[in-house]
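Residues per chain are reported as follows:
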Amino acid sequence: MTEHETTPGTTGDSGAGVAVEETQVASAPVTAPPPVPVASDHPDRWGRVDEDGTVYVKTADGERVVGSWQAGEPTEGLAHFARRFDDIRTEVELLVTRLSSGAGDPKHAMTSAKHVQESLADAAVVGDLAALSARVEHVLALAEQGLEAAKVAKDEARAAAAARKQELVEEAEQLAAESTQWKAAGDRLRSILDEWKTIRGVDRKTDEQLWRRFSKARDAFNRRRGSHFADLDRQRSVAKARKQELVEEAEKLVESDDWGPTAGRYKELMVEWKAAGRAPKEADDALWQRFRAAQDAFFAKRSEAFSERDAEFASNAKLKEELLVEAEQIDPSHDLEAARQHLYRIQERWDAIGKVPRERVRELEGRLRSVEERVRGAVDAQWRRSDPEAEARVAQFRERVEQFEAQAAKARSAGDKRRAEQAEAQAKQWREWLAAAEQAVATR
């Protein structure tokens, strides 16, 4: 067998025919030509074999020699070249199908179609070359539309990518200018960068311009954040120094037994501590532990002292209760002078006992005052009955008042507060009796 030209075919179903009436790949429709007939069904419609075995194909311009067949019957040779035609036809129909479905690559399809188109002029095949040529033209039109659509899609994708990067840049610039949520904003900028890397297709000039803006925004944010934390570090350094001073003062106050003023100062130190602000965390925690330890030590010491004092005051209250039992047995109606002297001694012992719990003061003082009023009432009554001695008593009481006032003044000068208070209390009592005596003299 001899052939003028051989054309490589593609594997596929040689009998498959796909009729596409109309396909719209881009915006303009492409009308498909009629399907290409299968040549192997009636190869004699498209060619012939002459007596010497030369094979011809019929074209619009007349017959064209496509090869020679010497191996057998002429019909077999004609069928052979028809099958070669059908192979090309199948290849073209596959291109149509892929382009119409959107699965084919327009650029690859155009290359394949042009190759077929160029080979048809001298292809060693027998079939409807005019219909096949029209079908190839259809493939080229579809491929052209596909390329145009791909270009449009690419342009749209590029525009969308540029728009998205523009959005990311604007968000980054806003974060850089306004955000004080440093961690969240920093995380978001990193997310923006990650997304930025996935966006493709932006033209180089636009991409570089947007990148410069994004990079500038990141740098601005980092500078502002750095400045913030630098200021924060300075503030924390000042806070640390101030808290160190407060801790040292708190530790010095631990040994104080001036309970009231010192407790008040600790409260003030707490207010100043809060106002000082935060120091670096590790230092802040350590200083706070020292501050609390000093505070706790002082108040524990004070509580212990108060417990001892309360125990002492409770004991004093018990002693005064016993003294009140004795005082309440005084009967000024039998021997007024003895009753007065007895009351005087009880008052001295009362003062010497000292303080009692605050909640018992009114009760105990009230009971003693009742005894004093009973004795004073008896004295007033006697004064009214014994006028001849009234003047002497007035002088005597005045002398006693002056005596106790002098004792009080002397004790206070000596710094003996307790004795001064006792003398003043006695002077007060005698002053009341003096007032009563003077009133008796005035009204007799």
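An unreviewed UniProt entry lists the protein under the name DUF349 domain-containing protein, with Saccharothrix syringae given as the organism.

Student: Looking at this structure, I do not really get the pattern of salt bridges. What am I missing?
Tutor: Two side chains of opposite charge can pair, provided their charged atoms sit close to one another. This structure, assessed with the given rule, holds 29 salt bridges. Here Glu272 and Arg242 are joined by a salt bridge, their closest N and O atoms 2.5 Å apart. Taken together, the residues span a long stretch of sequence, with Glu272 in helix 6 (residues 259-276) and Arg242 in helix 5 (residues 204-252) at a distance of 30 residues. Relative accessible area serves as the criterion here: at 33%, Arg242 is assigned to the partly exposed category. For Lys243, the salt bridge identified is with Asp284, shortest N-O distance 2.7 Å. Of this pair, Lys243 sits in helix 5 while Asp284 is found in helix 7 (residues 281-327), placing the two residues 41 residues apart along the sequence. On the accessibility criterion, Lys243 (3% relative accessible area) is buried.

Student: How should I be thinking about the domain arrangement of the protein in this particular structure?
Tutor: Buried accessible area, meaning the area lost when the parts come together, often serves as the stated size of an interface. Taken domain by domain, the protein consists of domain 1 (43-155), domain 2 (160-234), domain 3 (241-301), domain 4 (309-384) and domain 5 (389-441). Taking only C-alpha atoms, the centre of domain 1 and the centre of domain 2 are 57 Å apart.

Student: Looking at this structure, how should I read the packing of aromatic side chains?
Tutor: A ring pair, where both rings are aromatic, is described by two values, the distance of the centres and the angle of the planes. Tallied over the full model, the rule gives 14 aromatic pairs. With centroids separated by 5.8 Å and ring planes inclined at 45 degrees, the aromatic side chains of Trp182 and Phe221 adopt a geometry described as tilted. Of this pair, Trp182 sits in helix 4 (residues 182-198) while Phe221 sits in helix 5, placing them 39 residues apart in sequence. By relative accessible area, which is 11% here, Trp182 ends up buried.

Student: In this structure, what is going on with helix 2 (residues 106-119)? I would like to understand it.
Tutor: One turn of an α-helix holds 3.6 residues; hence residues three or four places apart share an orientation. The terminal C-alpha atoms of helix 2 lie 20 Å apart, and with 14 residues this matches the ideal 20 Å at 1.5 Å per residue to within 8%. When helix 2 is considered as a whole, its buried residues turn out to be Pro106, Ala109, Met110, Ser112, Ala113, Val116 and Ser119. Where the residues of helix 2 are buried, they touch helix 1 (74-101) and helix 3 (129-178).

Cut-offs and rules
- In this numbering scheme, every chain counts its residues from 1 along its sequence in written order.
- Whole-chain, interface and lining totals are the exception, using all residues; otherwise, since this is a predicted model, local features are given only for residues with pLDDT of at least 70 and side-chain atom pairs are given and counted only at 80 or more.
- Heavy atoms throughout the structure, all of them, feed into the side-chain values; hydrogens and water do not.
- Throughout this description, the term salt bridge denotes a Lys or Arg side-chain nitrogen within 4 Å of a carboxyl oxygen of Asp or Glu.
- Each helix corresponds to a stretch of at least 4 residues labelled H or I by DSSP, and each strand to a stretch of at least 2 residues labelled E; elements are numbered beginning at the N terminus.
- Burial classification: accessible surface area is computed with a 1.4 Å probe over protein chains only, and a residue below 20% of its type maximum counts as buried, one above 50% as exposed, and the rest as partly exposed.
- Note that the domain bounds reflect an automated or database-derived domain assignment.
- By convention, a stacked pair of Phe, Tyr or Trp rings (six-membered ring in the case of Trp) has centres within 6.5 Å and planes under 30 degrees apart, an edge-to-face pair has planes over 60 apart, and any other such pair is tilted.
- Helix span, expected: 1.5 Å multiplied by one less than the number of residues in the helix.
- Note on contacts: a residue pair is in contact if any heavy atoms of the two residues lie within 4.5 Å.

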